[in-house]
Amino acid sequence: MGWGAWLREQVYPRSGIRRAVLYVIYRMRRLPDQPHRVARGVFAGSLIGFLPLPGMQFLAAWGAARLIRGNVLAALLATFNTNPLTTPFFAVLAMSLGHWIMGIEKPLSAEYIGMAFANAGADLWYNIKAAFGPAHAQWEGLIQFWHEIYVPYFIGALGPGIVLSAVGYFVTIPLVEAYQKARAAKASERSERRISLRKALAEAAARVAHRDRPGAADAPPPGEAGSKAPD
């Protein structure tokens, strides 16, 4: 899959968002672990998914799951709770809440956010070139981005992220428990069927062997001997 196809898949999966969500839930229910450990992993991964940690979400989810003794695979799967379609709305909500908590009075318009990203990107590229030349590094745009965009986003995302992840935690436990019980019941039913089938095959094989023995015509087949009272 090329980069273009990969980006399209991240924005809108070919199978549809609903099918992708159901697939993640299906994989979580089938995890061979205790329900509360799976739920802890979901909480850790979901919270990390809401935080602005580009390129580090899998690593952070792995560490968070290990820290709270949750299922690591569930944590990695739960990081897919955000996607390019929902992230912009949550980001604006988180930055607005973060600005309010930190007392920052800046208009969260598309122009303001875009300018902050552009200035930070320009400073980053300029500093990379300055490392190999005589120019001095510039940090104004990066500092502005850090204090007015990234930190407010991170702080503002914690509250909603914890609440939504807690909801995921409490929803996951009964889902996993119900699936594991249903799966155990099916496994027990299949085991009983296999035992009955083996018993029937053994009895049939015993009857065939009995008929093939000399003088077996006057003797009752296996399983029926002693069933009739003597004259």
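Residues numbered from 1 in each chain as written. Predicted model: local features only at pLDDT ≥ 70, side-chain atom pairs only at ≥ 80, totals over all residues. Heavy atoms only, no water.

Regarding the overall build of the chain
Helices and strands together make up the secondary structure of the chain, namely eight helices and zero strands. In sequence order, the chain lays out its α and β elements as α-α-α-α-α-α-α-α. Residues classed as buried in the chain amount to 27% of the 231 residues present. If you take every contact in the chain between residues at least 6 apart in sequence, the share linking residues at least 24 apart comes to 67%. (Helix = DSSP H or I, 4+ residues; strand = E, 2+ residues; numbered from the N terminus. Buried < 20%, exposed > 50% of the residue type's maximum accessible area, 1.4 Å probe, protein only. Contact = heavy atoms within 4.5 Å.)

Here's the deal with helix α3 (residues 35-50)
The end-to-end C-alpha separation of α3 is 23 Å, in line with the 22 Å expected for 16 residues at 1.5 Å each. Judged by how many residues are buried, α3 sits mostly within the fold: twelve of 16 residues are covered. Within α3, the full set of buried residues consists of Pro35, Val38, Ala39, Gly41, Val42, Ala44, Gly45, Ser46, Leu47, Ile48, Gly49 and Phe50. (Expected span 1.5 Å × (residues − 1).)

Considering the nonpolar core
Among the nonpolar cores identified, the biggest contains 19 residues, and Phe90, Met95, Ile149, Tyr153 and Ala157 are the most heavily contacted of them. Sequence-distant contacts of Ala157, defined by excluding residues within four places in its chain, comprise Phe50, Leu51, Phe90 and Ala94. Core analysis: the next-biggest nonpolar cluster, separate from the first, contains five residues, Val38, Ala74, Ala78 and Val176 among them. (Core = buried A, V, L, I, M, F, W, Y, C linked by side-chain atoms within 4.5 Å.)

Re a positive patch on the surface
Among the surface-exposed residues, Arg183, Lys186, Arg190, Arg194 and Arg198 lie close enough to one another that they form a single positively charged patch. Looking at the secondary structure, you find Arg194 in helix α8 (residues 140-212). The class for Arg194 is partly exposed, based on a relative accessible area of 42%. (Patch = residues over 30% accessible without salt bridge, like charges linked within 9 Å, V, L, I, M, F, W, Y side chains within 5 Å. Areas by Shrake-Rupley, 256 points an atom, 1.4 Å probe, with all protein chains shown as cover. Salt bridge = Lys/Arg side-chain N within 4 Å of Asp/Glu carboxyl O. Lys, Arg positive; Asp, Glu negative; His and termini not counted. Charge placed at Lys NZ, Arg CZ, Asp CG, Glu CD.)

Let's talk about helix α6 (residues 87-102)
Between its first and last C-alpha atoms α6 spans 22 Å; for 16 residues at 1.5 Å apiece the expected length is 22 Å, and the two agree. Residues of α6 that are buried include every one of Phe90, Ala91, Ala94, Met95, Gly98 and His99, and no others. Buried residues in α6, looked at end-on, bunch into an arc of 165°, giving them a common side. Opposite the packed face of α6, turned more than 90 degrees from it, sit the exposed residues Phe89 and Trp100. (Arc of directions from axis to C-beta.)

Quick notes on unusual backbone geometry
If you check the backbone angles, Arg69 has positive phi at about 60° while not being a glycine. Tracing the sequence through the fold places Arg69 in the loop between α4 (57-67) and α5 (72-78).

Examining the packing of α3 against α4
Where α3 contacts α4, the two axes come as close as 8 Å, and the packing angle between them is 145°. The interaxial crossing formed by α3 with α4 has right-handed handedness. Here α3 contributes Ala44, Gly45, Ile48 and Gly49 to the contact with α4, which in turn contributes Gln57, Ala60, Ala61, Ala64 and Ala65. Among the residues making up the contact of α3 with α4, the classes are represented as six nonpolar, three polar and no charged. (Axes fitted to C-alpha atoms, helices over the stretch in contact; angles between N-to-C directions. Left-handed = near helix turned anticlockwise from the far one by under 90°. Nonpolar A, V, L, I, M, F, W, Y, C, P; charged D, E, K, R; others polar.)

Here we look at a nonpolar patch on the surface
Nonpolar side chains collect at one region of the surface, where Trp100, Ile101, Met102 and Ile155 lie side by side and expose about 430 Å² of accessible area between them. Top element by residues in the nonpolar patch is α6. It accounts for three residues. Positionally, Trp100 belongs in helix α6.

Details of the packing of aromatic side chains
Under the defined criterion, the tally for this structure stands at six aromatic pairs. Each ring, one from Tyr169 and one from Phe170, has its centre 5.1 Å from the other, and the planes form 85°; the classification is edge-to-face. For Tyr169, a relative accessible area of 22% gives the class partly exposed. (Phe/Tyr/Trp six-rings, centres within 6.5 Å; stacked < 30°, edge-to-face > 60°.)

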